[in-house]
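# Coordinate inspection notes
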Amino acid sequence: MGTPTLGHYLVLSGLLFAIGLAGVIVRRDLLIMYMCLEIMLNAANLSLVAFSRFSQQVRGQVLVFFVITVAAVEVAVGLALLVSLYRMKRTTKAEEITALKF
Amino acid sequence: MEGFLFWFSAIVLLGSAVTVIVNRSPVASALSLVTMILALAGLFGLLGAYFLAAVQVWVYAGAVMVLFLFIIMLLDVKAEEGAPLRALGVGAGLLTVFLLGAGFWHAIPASAWEASGMRVAESNDAASIGHLLFGAYVLPFEAVGLLLLVAMVGVIVLSKRDV
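An account of the accompanying structure is given in this report. Owing to the predicted nature of the structure, the values given are computational and were not obtained by experimental measurement.

When helices and strands are tallied, chain B shows six helices and zero strands. Listed by position from the N terminus, the elements making up chain B come as α-α-α-α-α-α. Look at the contacts in chain B between residues 6 or more apart in sequence, and 58% of them connect residues 24 or more apart. For chain B, the computed accessible surface area is about 9900 Å², with 75% contributed by carbon and sulfur atoms.

Further remarks concern the layout of surface pockets. Gaps left between atoms show up when a probe the size of a water molecule is rolled over them. There is about 340 Å³ of room inside the second largest pocket. Those elements that place two or more of their residues in the lining of the second largest pocket are α1 (6–26) and α2 (30–54) of chain A together with α4 (87–107) of chain B. In terms of residue class, the lining of the second largest pocket is built from 14 nonpolar, four polar and no charged.

Here we come to the packing of aromatic side chains. This structure, assessed with the given rule, holds eight aromatic pairs over all chains. Here F6 of chain B and W7 of chain B contribute two aromatic rings whose centre-to-centre distance is 5.3 Å and whose plane-to-plane angle is 75°, an arrangement assigned as edge-to-face. Arranged with centres 4.8 Å apart and planes meeting at 65°, the rings of F134 of chain B and F141 of chain B form a pair that is edge-to-face. A relative accessible area of 23% means that F141 of chain B is categorised as partly exposed. The rings of Y9 and F54 of chain A together with F6 and W7 of chain B are connected pair by pair, giving a single aromatic cluster. One Lys or Arg, R53 of chain A, reaches over the ring of F54 of chain A and ends 4.8 Å from the middle of that ring.

The rules behind the values
Residues numbered from 1 in each chain as written. Chains lettered and ligands numbered in written order. Predicted model: local features only at pLDDT ≥ 70, side-chain atom pairs only at ≥ 80, totals over all residues. Heavy atoms only, no water. Helix = DSSP H or I, 4+ residues; strand = E, 2+ residues; numbered from the N terminus. Contact = heavy atoms within 4.5 Å. Areas by Shrake-Rupley, 256 points an atom, 1.4 Å probe, with all protein chains shown as cover. 1 Å grid on protein atoms, 1.4 Å probe; cavity = no way out; pocket = protein on both sides within 12 Å on 5 of 7 lines; lining within 4 Å. Points joined across faces, edges and corners; volume = space filled by probe spheres on them. Nonpolar A, V, L, I, M, F, W, Y, C, P; charged D, E, K, R; others polar. Phe/Tyr/Trp six-rings, centres within 6.5 Å; stacked < 30°, edge-to-face > 60°. Buried < 20%, exposed > 50% of the residue type's maximum accessible area, 1.4 Å probe, protein only. Lys NZ or Arg CZ within 6 Å of the ring centre and 35° of its normal.

These results come straight from atomic positions and should not be treated as a statement about function.
Set out below in structure tokens:
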């Protein structure tokens, strides 16, 4: 087990992103889909921190700081939307919300 | 030692990410997500980003996951029952995974696999991030602050029954 290189971290980040994408596609509960969105954002953060470490620049970490902030905002607004949707429809399943379906 | 820590964190990271999807119970999914976030914080620490590792634990494992668990309890989300797999869906999923994997693989340059042994001088990364945030990136920083304010007002408006 040698020292991990940039490639190791990038492959790990890609795998994590693929797992998150698969979750968004496979699961039908809006709450679990939000969690999988968080997984995808975290995968992007991992590759940014890895690039920042291997190119010896702190700027990548500043970008990760912004991504974490925006992800927190997204969760707050998304969960508030989910609560008001639950008040109207009494469900959190994506397939039962068909008001905009053509 | 660094190699062992990397592989340990990577296995925990991917395993708990898979458990988030596979678990039928939403609470178990949320707790798997906490494990994933802690493993990612460990990887951040391994990469020398100690400040971000701490922020990851505070913001994600603290605030965001409490919000998730709170909403799960509030809405009383039931475990999801299985649905039959459709051949078209499975095929489209496999094609997506293949295309995504091929794209990522070609995006990684060959130079990424060379062992670059030089370790960043253990500087105070919180201080350097702070200097960048209030120096070169002060405008995006203020914009993010405004975004937080707008989101707070929006969440209050959304959760009131009659505005």
